[in-house]
Amino acid sequence: MMEKSRKMMAMMEMLFGLFVVLGSVMQICSAESETIFLETFDENFDGRWVVSEKEEYKGVWKHSKSEGHDDYGLLVSEKARKYAMVKEMEKPVDLKGKTIVLQYEVRLQNGLECGGAYLKYLRPQEAGWTVKEFDNESPYTIMFGPDKCGMTNKVHFILKHKNPKSGEYVEHHLKYPPSVPSDKLSHVYTAILTPDNGLRILIDGEEKKKANFLSSEDFDPAIFPPMTIPDPDDKKPEDWDEREKIPDPDAVKPEDWDEDAPLEIEDEDAVKPEGWLDDEPEEIDDPEATKPEDWDDEEDGEWEAPKIDNPKCEEAPGCGEWKKPMKRNPAYKGKWHAPLIENPNYKGIWKPQEIPNPMYFELETPDFEPIAGIGIEIWTMQDGILFDNLLIASDDKAAEKVREELWKPKFEAEKEKQKAEEAAAAVPDAVSGFQKKAFDVLYKVADVPFLAPYKSQILDVIGKAETQSNLTIGILASVVVVILSIFVKIIFGGKKPVKPVVPPQSSGAAETSDNQEITNEKEEETEKEEAAAPRRRTTRRQD
């Protein structure tokens, strides 16, 4: 009985193990089946992607590492260039009636002032088209990704949809798209198309926009055209009056209304100011000007001295002929117009009548064209744009897995590096704030009365500390040591500062003259020493 139980337990363990293995295999197969296309650029793109041979696309693509990582990507290597490259799908990806996830990474390593970093998901091309001919005119079904220049700053999502009535392809732009992140980190852009006509835009896995393909509030123009349109053959009747108000036909101009009265008249009460110089011109010839030696009257014409303001007019109230100033005419009324009244014949603004739109159609879901290729066709003023991990999947879990495994570790490392750089950049600001406070204290200390004999030396050292920022901390410490030494000398003894000797007063003129000469000589020597020495700061710094 015991032996039989052991065999049963062993069989159950084997079955459990098989279930675990089978579950893992199914999980792997499921993940692989959810991933339709994945380009990691771990290997060089040559042979898999094709660069356009059109003349205008002179930008050079490079297989390059992302800055600070060992991970490779597709690099925009030159500024102010047009770039075009395409990857044909082995099998067109059908977008109808299923969930489709479009996702890729972009890192703007040098920022983005003006340029695009979007992808074009190409629809099947016309017969005879080759990938080497890829350009701006190559038809696409979806355009998705960042675009920034001037007032434009958005993550595009454009659907090119065919009108089944006209056969024309129309671009339908997502309204109010999210903005492009402004930093230089790796960001991942995700567009999720769902069978219920839904669209979700994610940046770094966070939903930024939700829309419905069939809603006129979400796309411009709406996918479905209007049911009616203005009749192009309708004409406005000749007697249709659109004037809401008209001049009153019964109004009469008042008899005292003078349309010829000027706006301004002379001020008859004005009096010429006293001291007005009637005979003096406002400008005169410059008396110091001389005719240039190389002036040739025959070639250059008669030389005339340049004019300058008459200096006599600066002190006088005015020069030249005095005229009475103008003032506003109280009798001025201007052109008379009849007042406006309601127009009894007003019919409103004329509009043509509406007729059924022959191009109107309705669909339960957009008629998506399949994705036959992925193209990058951009014009940018910045280099350093790095594309990586381009994904097309049938489930958002596959996209989430790619974000977690391929994007997030890079992003987290870049964020930590950015924080460290910002912290390092903040240190000088903190130090400068500390230095300012320290200098303020030291200038106050230098003004202490009993340190007056040593003030010039202290100010000299402080001045050096301010001008030599790389030595500031060490010099500040030196200043503190100097001040402490002075304190010690004053408290515990040492040479006292020599008091200035005041020469005795003398009443003799000769003695006064001698003393004056000695004083002048000392002042001259002092001025020379101060001129030779570095300029010292003698007043406390102002904020």
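Residues numbered from 1 in each chain as written. Predicted model: local features only at pLDDT ≥ 70, side-chain atom pairs only at ≥ 80, totals over all residues. Heavy atoms only, no water.

Caption draft 1: Local environment of a negative patch on the surface. A grouping of Glu-293, Asp-294, Asp-296, Glu-298, Glu-299 and Asp-300 is seen on the molecular surface, where their side chains present a negatively charged patch. For Glu-298, the location among the structural elements is in helix 2 (residues 297–300). (Patch = residues over 30% accessible without salt bridge, like charges linked within 9 Å, V, L, I, M, F, W, Y side chains within 5 Å. Areas by Shrake-Rupley, 256 points an atom, 1.4 Å probe, with all protein chains shown as cover. Salt bridge = Lys/Arg side-chain N within 4 Å of Asp/Glu carboxyl O. Lys, Arg positive; Asp, Glu negative; His and termini not counted. Charge placed at Lys NZ, Arg CZ, Asp CG, Glu CD. Helix = DSSP H or I, 4+ residues; strand = E, 2+ residues; numbered from the N terminus.)

Caption draft 2: How the structure looks around empty space enclosed by the protein. This structure, assessed with the given rule, holds two cavities of 30 Å³ or more. Approximately 40 Å³ is the volume found for the largest cavity. Taken together, Leu-95, Gly-97, Lys-98, Leu-193, Thr-194, Pro-195, Asn-197, Thr-365 and Phe-368 make up the lining of the largest cavity. Classifying every residue of the lining of the largest cavity by side-chain character gives four nonpolar, four polar and one charged. By volume, the second largest cavity is sized at about 30 Å³. As for the second largest cavity, its lining consists of Ser-66, Glu-105, Val-106, Arg-107, Ser-186, Leu-386, Asp-388 and Lys-410. Of all the secondary structure elements, the ones that give two or more residues to the lining of the second largest cavity are strand 6 (100–108) and strand 25 (385–393). It is strand 6 that contributes the most residues to the lining of the second largest cavity, three residues altogether. Its residues assigned to classes, the lining of the second largest cavity shows two nonpolar, two polar and four charged. (1 Å grid on protein atoms, 1.4 Å probe; cavity = no way out; pocket = protein on both sides within 12 Å on 5 of 7 lines; lining within 4 Å. Points joined across faces, edges and corners; volume = space filled by probe spheres on them. Nonpolar A, V, L, I, M, F, W, Y, C, P; charged D, E, K, R; others polar.)

Caption draft 3: Region of interest: the state of the cysteines. Within this structure, the stated rule accounts for two disulfides. Through a disulfide, Cys-114 is tied to Cys-149; the S-S separation comes to 1.8 Å. Since a negative S-S torsion denotes a left-handed disulfide, the Cys-114-Cys-149 link at about -75 degrees is left-handed. Here the residue Cys-114 occupies a position in strand 7 (residues 114–116), and Cys-149 occupies one in strand 9 (residues 140–149), the gap between them amounting to 35 residues. Residue classification places Cys-149 among the partly exposed positions, given a relative accessible area of 32%. Covalently, Cys-313 is tied to Cys-319 through a disulfide, its sulfur atoms 1.9 Å apart. Taking the torsion about the sulfur-sulfur bond, which here is approximately -120 degrees, the covalent link between Cys-313 and Cys-319 counts as left-handed. Given a relative accessible area of 16%, Cys-313 falls into the buried group. Here Cys-319 falls in the buried class, since its relative accessible area comes to 5%. (Disulfide = S-S within 2.5 Å. Buried < 20%, exposed > 50% of the residue type's maximum accessible area, 1.4 Å probe, protein only.)

Caption draft 4: Structural context of the packing of aromatic side chains. Scanning all chains against the criterion turns up twelve aromatic pairs. Centre to centre, the rings of Phe-41 and Trp-49 are 5.7 Å apart; their planes meet at 35 degrees, and the pair counts as tilted. This pair shows no difference in class: Phe-41 is buried, exactly as Trp-49 is. Among the aromatic side chains, those forming a connected cluster through ring pairs are Trp-61, Tyr-83, Tyr-104, Phe-144, Phe-157, Tyr-189, Phe-213, Phe-219, Phe-368 and Phe-387. Lying over the aromatic face of Tyr-169, Arg-123 brings its terminal NZ or CZ to 3.5 Å of the ring centre. Above the ring of Tyr-140, the side-chain terminus of Lys-160 is found at 4.9 Å from the ring centroid. (Phe/Tyr/Trp six-rings, centres within 6.5 Å; stacked < 30°, edge-to-face > 60°. Lys NZ or Arg CZ within 6 Å of the ring centre and 35° of its normal.)

Caption draft 5: Expanded view of unusual backbone geometry. Across the junction of Asp-220 and Pro-221, the peptide omega takes the value -10 degrees, indicating a cis bond. Positionally, Pro-221 belongs in the loop between strand 15 (219–220) and strand 16 (228–230). Phi at Ala-80 is positive, roughly 50 degrees, even though this residue is not glycine. The phi angle at Asp-204 is positive, at roughly 60 degrees, despite the residue not being glycine. One can find Asp-204 in the loop between strand 13 (198–203) and strand 14 (206–212). With relative accessibility at 22%, the residue Asp-204 sits in the partly exposed group.

Caption draft 6: Just the nonpolar core, in detail. Within the largest apolar cluster, 59 residues are counted, with the highest numbers of intra-cluster contacts made by Tyr-104, Tyr-121, Phe-144, Phe-157, Phe-387 and Ile-392. The biggest single contributor to this core is strand 5 (residues 81–93), with six residues. With sequence-adjacent residues up to four places away left out, Phe-157 is seen in contact with Ile-142, Met-143, Phe-144, His-172, His-173, Leu-174, Ala-191, Leu-193, Leu-199, Ile-201, Phe-213 and Phe-219. Val-101, Leu-202, Ala-393 and Val-402 belong to the second largest nonpolar core, which has eight residues in total. (Core = buried A, V, L, I, M, F, W, Y, C linked by side-chain atoms within 4.5 Å. Contact = heavy atoms within 4.5 Å.)

Caption draft 7: Expanded view of the side chain of Asn-197. Note on placement: Asn-197 falls in the loop between strand 12 (186–193) and strand 13. Among the residues examined, Asn-197 registers a relative accessible area of 10% and is labelled buried. Ignoring anything within four residues of it in the chain, the contact list for Asn-197 reads Ala-211, Asn-212, Phe-213, Leu-214, Glu-364, Thr-365 and Pro-366.

Caption draft 8: Structural context of the pattern of salt bridges. On inspection of all chains with the given rule, the structure shows 25 salt bridges. Close ionic contact of Glu-242 with Lys-236 constitutes a salt bridge, the shortest N to O distance being 3.8 Å. Judged by its relative accessible area of 42%, Lys-236 falls in the partly exposed class. One salt bridge in this structure joins Lys-333 and Asp-256, with 3.8 Å as the shortest N-O distance. One end of the pair, Lys-333, is in the loop between strand 21 (326–328) and strand 22 (340–342); the other, Asp-256, is in the loop between strand 17 (245–247) and strand 18 (264–266), and 77 residues separate them in sequence. Taking relative accessible area as the criterion, Asp-256 reaches 57% and is therefore assigned exposed.

Caption draft 9: Just the environment of Gly-334, in detail. Assignment of secondary structure puts Gly-334 in the loop between strand 21 and strand 22. The exposure class of Gly-334 is buried, given its relative accessible area of 7%. Separated by 71 residues in sequence, Gly-334 and Leu-263 have C-alpha atoms that sit 7.9 Å apart. Every residue in contact with Gly-334, bar those within four places of it in the chain, is listed here: Trp-257 and Glu-259.

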